[in-house]
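# Topology and contacts: notes
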Amino acid sequence: MNIVGHLINGEMCNNAERTQDIFNPSTGEVSKQVALASTATVEEAIAAAKAAFPAWRNTPPAKRAQVMFRFKMLLEQNVDKICALIGEEHGKISHDAAGELQRGIENVEYACGAPELLKGEHSKNVGPNIDSWSEFQPLGVVAGITPFNFPAMVPLWMYPMAIVCGNCFVLKPSERDPSSTLFIAQLLQEAGLPNGVMNVVNGDKEAVDCLLGHDDVKAVSFVGSTSIAEYIYSTANANGKRCQALGGAKNHAIVMPDADMDNAVNQLVGAAFGSSGERCMALSVAVAVGDNAADALVSKMTKAMENLKVGAYCDSGNDFGPVITSQHQQKVVGYINSAEEQGAKVVVDGRNPQVEGFANGFFVGGTLIDNVTPEMVSYKEEIFGPVLQVVRVDTMEQAMQLINDHEYGNGTCIFTRDGEAARYFSDNIQVGMVGINVPLPVPVSYHSFGGWKRSLFGDLHAYGPDAVRFYTKRKTITQRWPSAGVREGAQFAFPA
Ligand code: NAD
């Protein structure tokens, strides 16, 4: 069987280690296996990155950026192949995979601006004959650990910026769908990156723990579930590393009584069920203000969901595909069962979808649940499936309180025609990314991405301007060239 290995020092390798099955979630069959890197293999990748660092940090930023320009072109030339790899292992339909890849490419485009982004700050004459400047130096070897749900985009949030800033990178992708991630890294190699600057090790906890414990790894970017994010952040910090760890989410949309309900429903259908709800920015809770708004929302949503098509990744007529594993399928169904047992009403039931020709795929159909309350387990926890829950409240203040009380604070949105309400909402809501009539407010590549509360551990957000700060250390240099004949005597007061 085909084994997905590693990319170390510019070479593909497979060190005959432990392996794990990779499933095609649309068919339920094992399609490949992935090598799970041993500590020795990860150490080899770190050593390759460390050896490549001195030359790469001294490569002019414009030359580093030129590699990114070529990388962008190669990505665009390989869209179909990358989307097929994502579909086979993740289950995403090609239009969704292409959207993910496009957002990833935008991060590469941002990285092409490295010479501008790394210019630093300069002040002339901070004192007599004294100039001062700050420059942003690379950290050395940095690591990325990424989740299954965006195998192309999330790694591209990290390494283009890290590398263009002069660092060398070791990436540990999700072991569930590693092929597209590995293929994309090979394209970066093909774009002219020197060997060792970019390395990919596939693996599980053993590989992650080696990265977290290794003295030569200076910083760690993580994206995944909150419990693992917390572990990564505390371990990396305890080991003296800079860390940003993005975690899970529970994203609410407030539907106000004055909202354009048809528009809200159209937007919500895509945001709740696109990618089977396996997005950290998926809208999984609609908070309807007033029973009139709730009734209209539920009835229009029920109608809209009649046309939803769940099916295999290879049919572009489908709206969304399977979830990632059979265990996850059971987990999502378990949340729907528990909501029902706790008194909620399952209005559209996706627990047993019939997908012709794909009887063993890990499918869950679009599900709508009404009368959900904050005490329910399905409300408290991240479901990560195609399930939209409706919570009914009487006022906008109650709706905002619900969101502010929730442990997660990744994304949120309000549907309204009232500018004053929208402004009050965006000012006061305790969430990192906010939409006004925009249900998936994923920032563009020249802003940065990150949630609040237990959706992000660390200070700096992912990609965009924050990435320049995360992947560099500031150094401030103060310089005097005394003029001939103007010599200062010794001073014992603090220089001012
Ligand atoms: P996950 O936490 O299971 O895995 C993420 C990474 O951590 C993988 O590379 C995995 O190999 C590694 N890992 C898993 N268990 C580990 C352990 N015990 N020790 C060390 N490493 C471990 O997440 P997932 O299921 O792949 O992805 C889905 C989750 O990611 C969801 O919670 C989703 O909300 C979150 N996510 C968040 C964002 C964001 O930007 N906030 C973006 C995408 C996904």
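Structure report, in brief. It should be emphasised that the depicted structure is a prediction, and the values quoted were computed from it without experimental measurement.

Let us now look at the state of the cysteines. Tallied over the entire structure, the rule returns zero disulfides. In this structure C112 is a free cysteine whose sulfur lies 13 Å from that of C165, the closest cysteine sulfur available. Assessed through its relative accessible area of 10%, C112 is described here as buried. For the unlinked cysteine C280, the closest cysteine sulfur is that of C413, found at 15 Å.

Looking now at the site of the ligand. In the vicinity of the ligand there are 27 residues, among which K172, E175, S225, G247 and E382 approach most closely. A distance of 2.7 Å is found between an oxygen atom of the ligand and a side-chain nitrogen or oxygen belonging to K172. The protein chains hide 89% of the 840 Å² of surface that the ligand would expose on its own. Taken together, the residues of the shell around the ligand sort by class into 14 nonpolar, eight polar and five charged.

Looking now at the sheet that holds strand β7 (residues 130-138). Spatial strand order, β6-β7-β23: three strands in an open sheet with antiparallel pairing. Because the sheet does not close on itself, it has two edges, and the strands there are β6 (121-127) and β23 (472-480). For this sheet the average axis-to-axis angle between neighbouring strands, irrespective of direction, equals 25°. Across four bridges, the pairing between β6 and β7 is antiparallel.

Before going further, it helps to examine the pattern of salt bridges. Summed over all chains, the structure comprises 22 salt bridges. The salt bridge involving K50 is made with D216; its shortest N-O contact spans 3.5 Å. Placement of the pair is K50 in helix α1 (residues 39-57) and D216 in the loop between α8 (205-213) and β11 (217-223), with a sequence separation of 166 residues. Taking the relative accessible area as the measure of exposure, K50 reaches 45% and is therefore partly exposed. Where E100 meets K92, a salt bridge forms, and the shortest distance between an N and an O atom there is 2.5 Å. As far as the burial class goes, E100 and K92 line up, both buried. Residues joined in a network through salt bridges with shared partners are D291, D295, D370 and R392.

What tends to happen in soluble globular proteins is that the nonpolar side chains get buried as a cluster. Ranked by internal contacts, the top residues of the largest apolar core, which has 98 residues, are F71, W157, Y159, I163, F169, M198 and Y471. Two domains share this core, each providing at least three of its residues, namely domain 1 (3-247 + 455-477) and domain 2 (251-436). When neighbours within four sequence positions are excluded, F71 is seen to be in contact with V108, L156, Y159, I184, L187, L188 and A191. I254, M376, Y379 and V431 belong to the second largest nonpolar core, which has 33 residues in total.

How each quantity is defined
- Residues numbered from 1 in each chain as written.
- Predicted model: local features only at pLDDT ≥ 70, side-chain atom pairs only at ≥ 80, totals over all residues.
- Heavy atoms only, no water.
- Disulfide = S-S within 2.5 Å.
- Buried < 20%, exposed > 50% of the residue type's maximum accessible area, 1.4 Å probe, protein only.
- Near = heavy atom within 4 Å.
- Polar contact = N/O pair within 3.5 Å; in protein donor to acceptor, adjacent residues only side chain to side chain.
- Areas by Shrake-Rupley, 256 points an atom, 1.4 Å probe, with all protein chains shown as cover.
- Nonpolar A, V, L, I, M, F, W, Y, C, P; charged D, E, K, R; others polar.
- Pairing = 2+ DSSP bridges.
- Helix = DSSP H or I, 4+ residues; strand = E, 2+ residues; numbered from the N terminus.
- Axes fitted to C-alpha atoms, helices over the stretch in contact; angles between N-to-C directions.
- Salt bridge = Lys/Arg side-chain N within 4 Å of Asp/Glu carboxyl O.
- Core = buried A, V, L, I, M, F, W, Y, C linked by side-chain atoms within 4.5 Å.
- Domains from an automatic or database assignment.
- Contact = heavy atoms within 4.5 Å.

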